[in-house]
Amino acid sequence: MKFRVNKKQIIDYIIRYGVLVIFIIMVLFFALQSQSFVKPSNWMNILKHSVPISLISLGLTFSMLVGGLDMSIGAIYSFSAVICSGLIVAGMPIILAIISTIIVGLFFGLFNGFAAVILKIPAFIATLSTMFIIIGLQSLYTHGERIDINSDTYFSFIGRGYLGRFLAFSVIILLLSICFAYFFTKNIKTGIYIYATGFNLNAAIIAGISTNLIKIIAFIICGGFCALAGIIQASNLSGASASSAGISFILNSVVAVFIGASMFRKGNLSIIGTIIGSLFVAVLTNGLAFLEISHLSIQGIKGLILIIVLILNSIGKKKFKYHIGQMPV
Amino acid sequence: MKTNDNKTSTSTNLLNNILVEIKGVTKKFPGVIALKDVNFSVKKSEVHALIGENGSGKSTLIKTLTGLYYPVDNGKFYWEGKEIIIKKPKVAQDIGISCIYQERQLIPFFNITSNIFLGREIVKNHIIDKRTMYKNTQELLKLVALECNPNDSIHDLNLNQKLKVEIAKGLAKNPKLLILDEPTAILSYKEVEDLFNIIKELTTKGISIIYVSHRLDEIYKIADRVSILRDGKMIGTYNIFEVTKEQIVQKMTGGKKIIQKVPKFKNKENPILHVSNISKNNLLKGISFKLFEGEILGIAGLVGSGSEEVGNIIFGIEEINEDGKIHLYNKELKINSTSKALKNKIALLPKDRREDGIFLNMSVGNNITLANLKVVSKGGFINHFLERRIVKKFIDLLLIKTSGLLQRVKYLSGGNQQKVVIAKWLNSNAKVFILIEPTHGIDVGAKSEIFNLIQKLAIEGKSIIIISSEIEELVKNCNRILVMYKGKIVTEFNQKDATIEKVLLYSMGGNED
Amino acid sequence: MGNYLEDANKKKVIFRNNLLFFSKKYACLIGILIILIIFFVAIPGFANISNLISILRLISVFTILGMGEAIVMSMRGVDLSIGTMAGFCSYLCATLLASGYSISMSLFITLIIGILIGFFNAIIISWLDINALVVTLGTMFILTSIAMIMSNGGYSIYLFGMTSAKINIFLNSGKYLIVGIFPISVIVMILVSIVSYSLMQLTIIGRYFYSIGENVKAAYLSGIKVKPFFGLSFLISGFFAAIAGILLVLGSGVGTPPGGPGYLLEALAIATLSTAIFGEGEINIKGVFVGAIFIGALSNALVLIGIDPGYEFLFKGLIILIGMALGTLFKKESK
């Protein structure tokens, strides 16, 4: 009996630390392949590029924690970039434009939460329809044209500015967001309740937690992070166009979240894990791009990694004979 | 000697050291009176056992104390001499009543502290005050003798430790009355000893315990007094050493005489099923028995006896242990799935038929034929005419009230839904039927219908195992009864030797010390 | 006297119940019909026979995908790779034809590959009990990559430029009209719909599918082997995707390696819509078909009106939302 338990523990450890090991190996591999990969400016480059994805993955973590995979994250992100650019071009003061955009993101999160929790539509379908709606709104707003922002304004500092020589401002925003997310889920009641609801819904209900409200809040937070990512990207590119950031977009975030999950016990979602996973994805993307592998192939590699990580996460989990990979209710 | 509390007044309450008292409480539900004019009191620092069969009103009594059942139809509640009204769970908690149920309510990847304070976190300026919570948890853990760090993750604890955390959680609200509902159902001998030590500690600190259990040996070890409920009435409260186990059982059953309805069973030659050496962790220890053709075999077992697990293992819902073997007519079976069990003509009617046996959004007809679609189909295609004929046959046979075989089952009444599930299994041409708590949730009229059906099946040569905690029904309707207690078969009764009292005594561990 | 009043009241109640039942069942259908009639009447060019046929041709590919998706979703699964599988199979078919394989061989291999991809999904999802959503998301991108590699970086294969006789026969068959007006893709779509309907409503497999979707634990306790059946739905989805892929290359004459989700969104839209259309609250095949016609008509109408393409997405999203909300409402209704 005892030996069997140890074997499971060993496998658990292998998976958890294995991901870190693979991460290091991957970095070494890329370093060997290409000189420019190792330059410190490339590191900050990678970090900078990872900011939008990391923020979105952070948001996705919240929605997945309460049991729903938010399919609209790409759309909210894209729309936020568009709206923010549009508002600035229309003359709104930058601060106001940013705040309005965040509010829009929060609103879409609320919309998702309402559909998934109150109307009880399965989260994946509810957020899918939101995605459609947002893509539609986006197209109507931009009429297919790109919105350009004057790159001389303060706004560009957000995405492209540096503090000192190396520290990108957007990376600072990311760090602040991570700190906020971590602090929120460990030290504020509502944040703790989000985890509790996700880990054991019944226990949370019995403890008197209003789980429906908590779930909606999780969706709202997700929307907010996606909006933030969109704002940063708009600043980075000095404008935005209605890209069809649909389903293809969520691959990066989903991979990030699941890689993160595999680093902790029994494959559970966590904020820190997601961030590490996002870094992993960013490094991977950057490195593969250096090797001049095409974009679509990179996506394929990520897809493969996703499936492998999923399989690893599922090892050792207790499964009833009627558990078959269905979508959660 | 009975302690008669009928005329106790406030001052006498305090004199006799009574913590909580309920007087003349009656609670009715549609169709049944759960509690009839019940008087019950618990002294300070005592361990008070509460015993009663299914349907005796035990859980109703507890729920009125914890505020889950409000209002009562009659009666008053007193706490330390003063009258109180327990409107909802929060009121009960604030007064000082806490209850630990059987369902584990812990969050796996949180630590002990977070679990204990879930929903009631201590905050300073909206931020969790971890230091205070840590200290409080430390003290609570000392109370329950759990040598763990408050920051340890629940995930790393074993079952016994988890139980202690649950108790700590219950103690976190500083209760004066702690109710334990079947706490030892899955504990090992050593863990039960551990629990008893905690209970004794708690009573020295002035906390009273209501200990709901059916395990006589444990009750005699830990309780000071015992109260016995039967059919919603409080039969009496006794000091534990003034009453014997047999007397307790006798009071639980009221000395009912049963007219056995089952015809005598003769054919003891063909064991259709031979089960040997089935074990499962703490739950089952080396279960072996035979089942004969045309026999109605009862397995009597109360909560935690492991009786249900036996059925689940034979039907393939749970894994069978390596040494365990199931033989059908001398052929060894490797049952690792329900479809294999069904192929070998073994059928199981689950306990919670509404959740696990029925498809609410599907039609009555579809539900009934589901376990045996081969018969109504040809080459994979379902013959709807044939299906209709067979379904009609069962609707008539079981008198299922429905507007037609196309009606969705969710529109049927509870009892009729049960009948649909039974029809499904009758239609499955199985030869061995395992029924788990077959009359659970069924009204009286339908109960006898079901047993008539069971007898008909037996006459046709089918074999039936009834796994139940309704002792009376087993004694009435079975040819043979195996009694299980704490994972073992403790004795076997033939139909002529079985009486309710004897069977109940053994299923409560009456023959153990 | 009293009896007469009682009977009259009873009849009123029965009539009202029937009316409710009837309206629940056909409300969406009637709503859709009304919208279609508005299109007929108000939009110039819509009521044209050739336009109607082109609607049918437009929807033929994603209707087949919708059927496959509906079968998977009937058991609370989902297949996000279905659109990409179709694109992949269309590219594969074009490659095979261009490489000189016979028509029957090319079709056969394409169908087999479709089933194999479905099998891959099935194993990981139902055998290892991993959430179907994320697995098929991964499969989708793996397929796009493989197609990338196969196509040397994304080059399409233009069949109509080739001189091979086989290929010409193949392409021409796409233009054949059955019964005078229906192109072959429409006929295939109808056939697949009939097969799907029969499978779900008339066979044991379909019965098992519905019961697994309704209550998987009860299905297991009824002796149904839930894992293999759940996996089977992904095989079917792969098979249907292959058929759709063949129709794709047949219709356009070009084999394009898939770059993304393809017709997935439409397939999901009509599969989820089906829960509302006949008031069933469950996925059902006839609902998928009606939904497909509705979505096709809607797209067509919007194009004819010349409205901003953004509206199409907007409407689709709102329709899915309303459809699902109604579907959930219908399902929850009890006495």
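This text goes with the structure placed above it.
One structure accompanies this document, and this report is about it. Every value quoted in this text rests on a predicted model; they were computed, and no experiment measured them. (Residues numbered from 1 in each chain as written. Chains lettered and ligands numbered in written order. Predicted model: local features only at pLDDT ≥ 70, side-chain atom pairs only at ≥ 80, totals over all residues.)

With 46 residues of chain A at the contact, the number on the chain C side is 55 residues. When contributions to the side of chain A that touches chain C are tallied by element, the ones reaching two or more residues are α5 (123-142), α11 (250-262) and α13 (295-314) of chain A. In terms of residues, the side of chain A that touches chain C owes the most to one element, α13(A), which gives 13 residues. Tallied by class, the residues present in the side of chain A that touches chain C amount to 26 nonpolar, 16 polar and four charged. (Contact = placed C-beta atoms within 7 Å. Helix = DSSP H or I, 4+ residues; strand = E, 2+ residues; numbered from the N terminus. Nonpolar A, V, L, I, M, F, W, Y, C, P; charged D, E, K, R; others polar.)

Below, the discussion takes up the interface of chain A and chain B. Counting residues at the interface gives 16 residues for chain A and 15 residues for chain B. Here the side of chain A that touches chain B gets four residues from one element, more than from any other, and that element is helix α8 (residues 189-199) of chain A.

Okay, the sheet that holds strand β10 (residues 208-212) of chain B next. All names here are of chain B. Strand order in the open sheet made by the six strands is β6-β9-β10-β3-β11-β12, with mixed pairing throughout. Whereas interior strands pair on both sides, the edge strands pair on one side only; in this sheet they are β6 (97-100) and β12 (233-239). With strand direction ignored, the average angle separating the axes of adjacent strands in the sheet is 20°. Of the pairings in the sheet, the one linking β6 to strand β9 (residues 177-181) comprises four bridges and is parallel in character. Bridged to isoleucine 100 within β9 is leucine 180. (Pairing = 2+ DSSP bridges. Axes fitted to C-alpha atoms, helices over the stretch in contact; angles between N-to-C directions.)

Right, let's get into the nonpolar core. Core analysis: the largest hydrophobic core is formed by 362 residues, its most contacted members being Ile434(B), Val503(B) and Leu65(C). At 17 residues, helix α10 (residues 226-252) of chain C tops the list of elements feeding residues into this core. With near-sequence residues (within four places) excluded, Ile434(B) lies in contact with Gly311(B), Ile314(B), Phe315(B), Ile346(B), Ala347(B), Leu348(B), Ile465(B) and Ile467(B). (Core = buried A, V, L, I, M, F, W, Y, C linked by C-beta atoms within 7 Å. Buried ≥ 20, exposed ≤ 12 C-beta atoms within 10 Å, placed from the backbone.)

Here the focus is the packing of helix α9 (residues 245-253) of chain B against helix α18 (residues 500-507) of chain B. Residue and element names in this part refer to chain B. Closest axis-to-axis distance for the α9/α18 pair is 9 Å, and the angle between their directions is 120°. Taken together, α9 and α18 sit at an angle that is classed as oblique. The element α9 and its partner α18 pack so that their crossing is right-handed. Contacts between α9 and α18 pair Lys245, Glu246, Val249, Gln250, Met252 and Thr253 from the former with Ile500, Glu501, Leu504 and Leu505 from the latter. Partitioned by chemical class, the residues of the contact of α9 with α18 number five nonpolar, two polar and three charged. (Parallel < 35°, antiparallel > 145°, perpendicular 65-115°, else oblique. Left-handed = near helix turned anticlockwise from the far one by under 90°.)

Time to look at the pairing of strand β2 (residues 32-43) of chain B. Residues and elements named next belong to chain B. Pairing of strand β1 (residues 18-29) with β2 involves eight bridges; the strand directions are antiparallel. Directly across from phenylalanine 29, in β2, lies its bridge partner valine 32. Counting the residues in the hairpin turn of β1 and β2 gives two residues, including glycine 31, whose phi is positive at 95°.

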